[in-house]
Amino acid sequence: MQNHCAVPNCTSAKSDPQPLFRFPHDPERCKKWVEKCQRQDLIDKSPEQLYRYYRLCGKHFVTTSIDSDAQSTVLKDDAIPTIFDTLSQSQNGGQVKRSKETTKDDEIKSKGRKKIKKSQAETNKDDVQTIPEEEKHKEYLKSLFEVLVLLGEQSIPPTGPGDDKQDGLSSSNFQALLEYRMNCGDEVLKTRHDANKECLSSAQLSQLIEVCEKCIREKLKEEVKQNGFFTLITDDLVKISGEWYLPVFLRYVDQSNCQRERFVGFLSFEGDGDALAEKLLTEMTDEWGLNMEQCRGQAHSCSGTHFSKIKTFAAKLRQKYPLAVLTLKSTHTLNMSLASGMDLSGVQLVMCTFKKIESFFSQSPSLYLELEHAISIFYPEKEEKANELKEICRTSWTGRHDAFEVAVEILEALLLCVDSVLDNEDLRWNDQITHNALEISKALTDFEFIMALIVLKNIMTLTRAFGKNMRGKATDVHFAANSLKAVLHSLKEVSDNIDVYHEFWNDEAVNLAAALEIPAKVPRSFLRKHQTEPGSVHPESYYKDHLSVPVVNHVIKEVSELFCEEHLKALRCLSLVPAVIELHKSAEPEEENMQVFKDDIPNAGTLSAELHCWWVKWSKKGKGETFPSSLHETLQLTDVKFFPNMLAVLRLISILPTLTLEDSCNVAYKRFKMYMENTPDKFKSKSLALLNMNYDVVGDLDSMVEEYMKTYPDREEAS
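Residues numbered from 1 in each chain as written. Predicted model: local features only at pLDDT ≥ 70, side-chain atom pairs only at ≥ 80, totals over all residues. Heavy atoms only, no water.

## Here we look at the overall build of the protein chain
Per the secondary structure count, the protein chain includes 33 helices and eight strands. Counting over 719 residues, the protein chain shows a buried share of 48%. The long-range share in the protein chain, meaning contacts at least 24 apart out of those at least 6 apart in sequence, stands at 71%. Carbon and sulfur atoms provide 50% of the accessible area of the protein chain, an area that totals close to 36,300 Å². (Helix = DSSP H or I, 4+ residues; strand = E, 2+ residues; numbered from the N terminus. Buried < 20%, exposed > 50% of the residue type's maximum accessible area, 1.4 Å probe, protein only. Contact = heavy atoms within 4.5 Å. Areas by Shrake-Rupley, 256 points an atom, 1.4 Å probe, with all protein chains shown as cover.)

Right, here's the structure in full:
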């Protein structure tokens, strides 16, 4: 890599600083660039090598090659360098032939100039000799960063078992790759390594990782800043090195009008209440440099134990930045999100058991066969229903919209399956599997679990269709945004008549428990806590007060908060998607809904006229014509740029965390889940996680080298 122009003797860096442009990925354009700059040593290099390691400065491009619409200095896709100093190139090894019409006087003058150049070179001889050392040090650092980036990209921990034995990383993955590079002919790395006579220390590796993290986050911040508005998304808390951290993602729409989601790091989640919320906000704004004034939404995922802390943080964020509307998170179904946030012992027992069940059956395909056999036993005359349940159980059913209904339907078969594994009569299962089966069996035979499951099933039935539509196509989401009032009305009706509903739910739970030979009783934890005699508290009244009423109230409150009026208006703006317009031909999209974005669109004064033109354009469908059915397809329309207000609104809707991303745009979350699941706890690192999930933005290692040398100037002297 170079931080200067690759054209021979180009003086732009000294006399006239110019922006540097990478060689293009495209082989044909890359070949033309090489031919134009006339560097014989670049001919055999691949486009990938040229893209990563070489640059041309802006001095060699005509102004029409620069994209004037971009916010930063960017070349057009077909830009070719055309401006070169023929004389300076000819002095670099005679790569350019002189004109045959050169006169003798010109030749004499040329020779004179050569002598002068030579004299100047001799004068500055000392300066020239000092440059290679600095360049070698930079190349050495580049080698280290390149190895670090490679390890991060492949999710391989740089450290290894040998790190516990000594400070040097003699047996680490990082050192092993360095030695491999030296054996393959990396002379700069070998020279430095031989001169120091020691391995890279843990402290130095930490410094490299720190600088790498800083540079990546700086690029992410710049990327988000260039593209305007964004939304903030957090995931379940994770434990790294014994401390709790909050994973943070940002969603935005890039310059090509594609939805993007990026992982930007972990926030330490140690503390309580307002102090913790303030600390999190301060770290995002002061340390990460995020402009939260541009935040237009937030979505969070948390379990009941941390629910109150997350709610405090969300409220503080909304208080400071009112436009950061609280929304649902698209990676979780509505029903699972609602249940996870309930800090009720019965509900948490159900959610914890669901996680154990999912983990249990992932241990062996034979366990699925055992469950399918048990389902066949309980549905002997309903083969179609049995096959349907078997098919569902082959999926991650514990995260489905109808997970509670499925659990009730297979509960007896599930208990038979885990009890059979627990008995282990034919010694097919190892100790870990039988232990896990015991844990699940204990939970399934707890009446509190059964009662909570029945209550959740009946209440979540009212929100299931709404939540499913929210994860559907644009037409489904638009329909759901207009049907919330009916959902809340149904929930309110249940709340007003909870005595009647709870009686039915209690009977259903008691009958199911009787089929499993489980007695209906109050949780022992409650009796011990209140020092109450068994039998003095009736189970039906206990579960009404401690389960049914709190669950209904929680669902009503959370749904109302997650889908406030501003959020619903934004979702109703999906009426701009051509497929939705086609579905509601007679109804023009309501301007009132778009007023929620009035301060964020280019020209609010022309909104009404532009909206009408947009509706007219898409309200009439030609024969055989197919209309865009998603936000992504609509944003990619070539003529959307002629409707600047519509484009702005579409971009703002696209960053809402409620809406499900296209598979190609949902890479960050998938990488995050893979990293957390596949990396052993000992090797998890918040810095390396950032690198692993954003390796595609690393690209240029020059900035890392410069940042390292600026941050640790003494390292150059020491080496």
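There's plenty left to go through after this.
## Some thoughts on the packing of aromatic side chains
Summed over all chains, the structure comprises 25 aromatic pairs. Seen in terms of ring centroids, Phe21 and Phe61 are 5.6 Å apart; in terms of plane orientation they differ by 85°. Their pairing is edge-to-face. Within this pair, whereas Phe21 is found in strand 1 (residues 20-22), its partner Phe61 is found in the loop between strand 2 (55-57) and helix 4 (86-90), the two being separated by 40 residues in sequence. Taken as a pair, Phe21 and Phe61 share a single burial class, namely buried. Each ring, one from Tyr245 and one from Phe266, has its centre 6.3 Å from the other, and the planes form 70°; the classification is edge-to-face. Of the two residues, Tyr245 is situated in strand 5 (residues 243-253) and Phe266 in strand 6 (residues 259-268); the sequence distance between them amounts to 21 residues. As far as the burial class goes, Tyr245 and Phe266 line up, both buried. Just above the ring of Tyr51 sits the side chain of Arg22; from NZ or CZ to the centre is 4.6 Å. (Phe/Tyr/Trp six-rings, centres within 6.5 Å; stacked < 30°, edge-to-face > 60°. Lys NZ or Arg CZ within 6 Å of the ring centre and 35° of its normal.)

## Here we look at the layout of surface pockets
The rolling of a water-molecule-sized probe over the atoms marks out the regions of remaining empty space. Space inside the largest pocket adds up to approximately 2,100 Å³. If you trace the largest pocket, you find 48 residues lining it, with Arg22, Tyr51, Val74, Lys219 and Gln226 closest to the centre. Elements supplying a minimum of two residues to the lining of the largest pocket: strand 1, helix 2 (27-37), helix 3 (47-53), helix 6 (125-153), helix 9 (202-226), strand 6 and helix 32 (702-711). Per-element tally for the lining of the largest pocket: the top contributor is helix 9, with seven residues. Residues that form the lining of the largest pocket fall into these classes: 17 nonpolar, ten polar and 21 charged. (1 Å grid on protein atoms, 1.4 Å probe; cavity = no way out; pocket = protein on both sides within 12 Å on 5 of 7 lines; lining within 4 Å. Points joined across faces, edges and corners; volume = space filled by probe spheres on them. Nonpolar A, V, L, I, M, F, W, Y, C, P; charged D, E, K, R; others polar.)

## Quick word on helix 15 (residues 383-393)
Within helix 15, the full set of buried residues consists of Ala386, Leu389, Lys390, Ile392 and Cys393. Along helix 15, the residues classed as buried sweep out an arc of 160° about the axis, all on the same side. Away from the buried face of helix 15 by more than 90 degrees, exposed residues Glu383, Glu384 and Glu391 are located. Lining the buried residues of helix 15 we find helix 14 (365-378) and helix 16 (403-423). (Arc of directions from axis to C-beta.)

## Let's talk about unusual backbone geometry
Glycine aside, a negative phi is what most residues show, and trans is what most peptide bonds show. At Ser155, a residue that is not glycine, the phi angle is positive and equals roughly 60°. If you trace the backbone, Ser155 turns up in the loop between helix 6 and helix 7 (173-183). The class of Ser155 is partly exposed, set by a relative accessible area of 29%. Phi is positive for Leu427, which is not a glycine, with a value near 55°. Mapping Leu427 onto the fold places it in the loop between helix 16 and helix 17 (431-444). For Leu427, a relative accessible area of 70% gives the class exposed.

## Let's talk about the side chain of His478
Locating His478 in the fold gives a position in helix 19 (residues 474-481). Exposure remark for His478: the relative accessible area of 11% places this residue in the buried category.

## Description of the confidence of the model for the protein chain
Per-residue confidence for the protein chain gives a mean pLDDT of 85; residues scoring 70 or more make up 88%. Ranking the elements of the protein chain by mean pLDDT puts helix 5 (residues 104-123) last with 45 and helix 20 (residues 484-496) first with 97. Scored below 50 in pLDDT, residues 162-170 makes 17 contacts in the model with residues more than four places away or belonging to other chains. (pLDDT = per-residue confidence, 0-100.)

## A few points about the nonpolar core
Judged by nonpolar contacts, the single largest core of 121 residues is most densely connected at Phe404, Ile450, Val551, Phe563 and Trp614. Beyond its immediate sequence surroundings of up to four residues, Phe404 is in contact with Asn335, Met336, Ala339, Val350, Met351, Phe354, Leu453, Leu456, Lys457 and Met460. Ranked by size, the runner-up nonpolar core spans 73 residues in total, among them Leu144, Phe174, Leu200 and Leu205. (Core = buried A, V, L, I, M, F, W, Y, C linked by side-chain atoms within 4.5 Å.)

## Observations concerning the pattern of salt bridges
Counted under the stated rule, the structure contains 37 salt bridges. As a salt-bridge pair, Lys142 and Glu139 come within 3.2 Å of each other at their nearest N and O atoms. Of the two residues, Lys142 and Glu139 are both situated in helix 6; the distance of three residues between them amounts to about one turn of the helix. For Lys142, a relative accessible area of 6% translates into the label buried. We note a salt bridge from Arg572 to Glu565, for which the minimum N-O separation is 3.3 Å. Taking relative accessible area as the criterion, Arg572 reaches 17% and is therefore assigned buried. (Salt bridge = Lys/Arg side-chain N within 4 Å of Asp/Glu carboxyl O.)

## A short note on the pairing of strand 3 (residues 230-234)
If a strand is regular, its side chains alternate between the two faces of the sheet. With respect to burial, strand 3 is a largely interior element, five of its five residues being buried. On strand 3, burial covers both faces: Phe230, Leu232 and Thr234 on one face and Thr231 and Ile233 on the other are all buried. In this sheet, strand 7 (residues 295-299) lies alongside strand 3 in parallel orientation, the contact comprising three bridges. From the neighbouring strand, Leu232 faces strand 7, where its bridge partner is Gln298. By the bridge criterion, four bridges tie strand 3 to strand 5 in an arrangement that is antiparallel. Looking at the pairing, Leu232 lines up with Leu250 of strand 5. (Pairing = 2+ DSSP bridges.)

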